[in-house]
Amino acid sequence: MYRQYDQQVLANTVIPAGGADAAVVRLRPQQGEGSLQGTERAVAATVDCPNRWVALDPERGAMAAVAEAARNLSCVGAEPLAVTDNLNFPSPDTDRGYWQLAMACRGLAEACRRLNTPVTGGNVSLYNETRSDDGASVPIHPTPVVGMVGVVESITKVIGLGWRQAADPVVLLGVLPFDGQADDRLGLAGSAYQGVIHGALTGRPPRPDLDLEARVQALVRAAIGQGLLASAHDCSDGGLAVALAESCLAVGLGAAIDLGSSGARPEQLLFAEGGARIIVSVKAEALEAWQALLAGVLGRDVPATPLGFVTDQGRLTMRSGDQALLDLDVAAMRLAHDQALPRRMAASLPAGGVEA
């Protein structure tokens, strides 16, 4: 879809569409004294809304939207600066609709205060409905879309979501689902797994940990600024397995992942969402400096779990102790991914061509 538009934006796009968690556009050089002539600075931007979470818990869902937007900016090395919100909601004239709007606004405000990203503008769209399969009008899921911008000090340091070279260590930052202990910051309620596999939307979504978000993101930005990371990718919609697959698909390299022995169920390990998590691949030659950063002030309070290594075998494998969880061919994954929309569209069209 994005190929229908000018994704290069007059050749100022630093990372093409799909290459990173946030768009990065360099600041154009200007003429005159005090101008941006020769600058390496850029603007990063992203939009996010975990609408399933918001439908179940508007306050937590709205907080997660802000946290995920900031996380996406941090994954390219950008310092989050400001938010614009687009509040799409059903009728506030009902008790439920009013509660959803009020709690979402409270969650947005709290997350913006904690992550120091003020709301500089936005809009509100109320009384939104859609039609169910039987033709009845039903309220939409509350959808507070968060757009966030940040500043990149040097476009030479920007990284994407795809692996860069074999043998680079893969590390998970954030909450770990591997110890078998209950943690309300991570779960399957409101997850893509719950919707796709069970056709359900139920439970209470995980609790956003904004303090951990700030620590994880600060560590990632510092590591990118020091040139220690080859890639960084937000682990959110779909959970760990989906995030790892996306990093493989971006460049065609594989990964060998070992989650260690655990009492957690496989679906919890692979598809749980939440937890302020970012997957990074560390440049093999920078491993010593990375370890020093983890031991320092920025890293000492950030959970960092080695997961495995990038490989050039073209496969994504995941294990939990002696149990094999996944063994997927990256080329087959790419085919399924790239053909998803054409496959769905072809199924809805009459035989013999495009519908008029």
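(A) Spotlight on helix H8 (residues 287-295). Three or more residues of H8 are buried, namely Trp290, Leu293 and Leu294. For H8, the buried positions fall inside an angular range of 100 degrees around the axis, keeping them on one side. Set apart from the buried face of H8 by more than 90 degrees, the exposed residues are Glu288, Ala292 and Ala295. In this fold, the buried residues of H8 make contact with strand S8 (169-173), helix H5 (210-225), strand S10 (229-234), strand S13 (278-282) and strand S14 (304-311).

(B) Structural view of the nonpolar core. Counting residues in each nonpolar core, the largest one holds 30 residues, and the members touching the most others are Val24, Ala44, Val66, Val76, Val146, Met148 and Val152. Looking at this core element by element, the count peaks at 8 residues for helix H2 (residues 58-74). If we skip the residues at most four places from it in the chain, Val24 touches Asn12, Thr13, Val14, Ile15, Ala42, Val43, Ala44, Val76, Val152 and Val158. Leu219, Ala223, Ala272 and Val280 belong to the second-largest nonpolar core, a separate cluster that totals 27 residues.

(C) Spatial organisation of the environment of Thr317. Among the structural elements, Thr317 can be located in strand S15 (residues 315-320). Taking the relative accessible area as the measure of exposure, Thr317 reaches 24% and is therefore partly exposed. Each residue touching Thr317, except ones within four places of it in the same chain, is listed here: Ala255, Ala256, Ile257, Leu326 and Asp327.

(D) Geometry of the side chain of Glu68. Assignment of secondary structure puts Glu68 in helix H2. Despite its burial, Glu68 pairs with no opposite charge; the closest candidate is Arg71, at 4.9 Å N-O. Within the structure, Glu68 has its side chain in polar contact with the side chain of Ser236 (distance 3.2 Å). Setting aside residues up to four positions removed in sequence, Glu68 forms contacts with Asp48, Asp234 and Ser236.

(E) Representation of the pattern of salt bridges within the structure. Under the criterion given, the structure shown has 16 salt bridges. With its nearest N and O atoms 3.2 Å apart, the salt bridge here joins Arg41 to Glu153. Linking Arg41 in the loop between strand S1 (23-26) and strand S2 (42-48) with Glu153 in the loop between strand S7 (143-152) and S8, this pair joins segments that are 112 residues apart in sequence. Taking the shortest distance from any N to any O, the salt bridge between Arg52 and Asp237 comes out at 2.4 Å. Taken together, the positions of Arg52 in helix H1 (residues 51-56) and Asp237 in the loop between S10 and helix H6 (239-251) put the pair 185 residues apart, joining distant regions of the chain. On the basis of relative accessibility, which here comes to 45%, the residue Asp237 falls in the partly exposed class. Via salt bridges that share partners, Glu110, Arg113, Arg114 and Asp211 belong to a single interconnected network.

(F) Region of the structure containing the sheet that holds S13. The strand order across the open sheet built from 7 strands is S10-S13-S8-S14-S11-S15-S16, with neighbouring strands paired in mixed fashion. A single partner strand is all that each edge strand has here, and the edge strands are S10 and strand S16 (323-329). Between one strand and the next, the sheet's axes are offset by a mean angle of 20 degrees, whatever the strand orientation. Bridge count for S15 against S16 is 6 bridges, and the pairing is antiparallel. When the sheet's bridge partners are listed, Arg315 is paired in S16 with Asp329. Sitting on the sheet, H5 is in contact with S8, S10 and S13, with an inclination near 150 degrees to S10. Contacts from helix H9 (residues 330-338) reach strand S11 (254-258), S15 and S16, with the element oriented near 65 degrees to S16.

(G) Seen up close, the side chain of Ser247. Structurally, the position occupied by Ser247 is in helix H6. A relative accessible area of 1% places Ser247 in the buried class. Residues in contact with Ser247, not counting those within four places in the same chain, are Leu161, Gly162, Trp163 and His233.

(H) Quick look at the pairing of S13. Burial within S13 is extensive, with 5 of its 5 residues counted as buried. Sheet analysis places S8 next to S13, joined by 4 bridges and oriented antiparallel. Bridge pairing links Leu172 to Ile279 in S13. As judged from the 5 bridges shared by S10 and S13, these two strands associate in the antiparallel manner. Its bridge partner lying in S13, Ser231 is registered against Ser281.

(I) Just a nonpolar patch on the surface, in detail. Taken together, the side chains of Val43, Leu81 and Val149 present a nonpolar region at the surface, about 210 Å² in accessible area. For Leu81, a relative accessible area of 42% translates into the label partly exposed.

(J) Just the sheet that holds strand S4 (residues 119-125), in detail. Spatially, 5 strands are ordered S1-S2-S7-S3-S4 in an open sheet, and the strand pairing comes out mixed. Looking at which strands have only one partner, the edges of the open sheet turn out to be S1 and S4. In this sheet, adjacent strand axes meet at a mean angle of 20 degrees when their direction is disregarded. Where strand S3 (residues 79-88) meets S7, 9 bridges bridge the pair, whose relative direction is antiparallel. Residue pairing for S7: Pro80 is matched across the bridge by Gly150.

The rules behind these values
Residues numbered from 1 in each chain as written. Predicted model: local features only at pLDDT ≥ 70, side-chain atom pairs only at ≥ 80, totals over all residues. Heavy atoms only, no water. Buried < 20%, exposed > 50% of the residue type's maximum accessible area, 1.4 Å probe, protein only. Helix = DSSP H or I, 4+ residues; strand = E, 2+ residues; numbered from the N terminus. Arc of directions from axis to C-beta. Contact = heavy atoms within 4.5 Å. Core = buried A, V, L, I, M, F, W, Y, C linked by side-chain atoms within 4.5 Å. Lys, Arg positive; Asp, Glu negative; His and termini not counted. Salt bridge = Lys/Arg side-chain N within 4 Å of Asp/Glu carboxyl O. Polar contact = N/O pair within 3.5 Å; in protein donor to acceptor, adjacent residues only side chain to side chain. Pairing = 2+ DSSP bridges. Axes fitted to C-alpha atoms, helices over the stretch in contact; angles between N-to-C directions. Patch = residues over 30% accessible without salt bridge, like charges linked within 9 Å, V, L, I, M, F, W, Y side chains within 5 Å. Areas by Shrake-Rupley, 256 points an atom, 1.4 Å probe, with all protein chains shown as cover.

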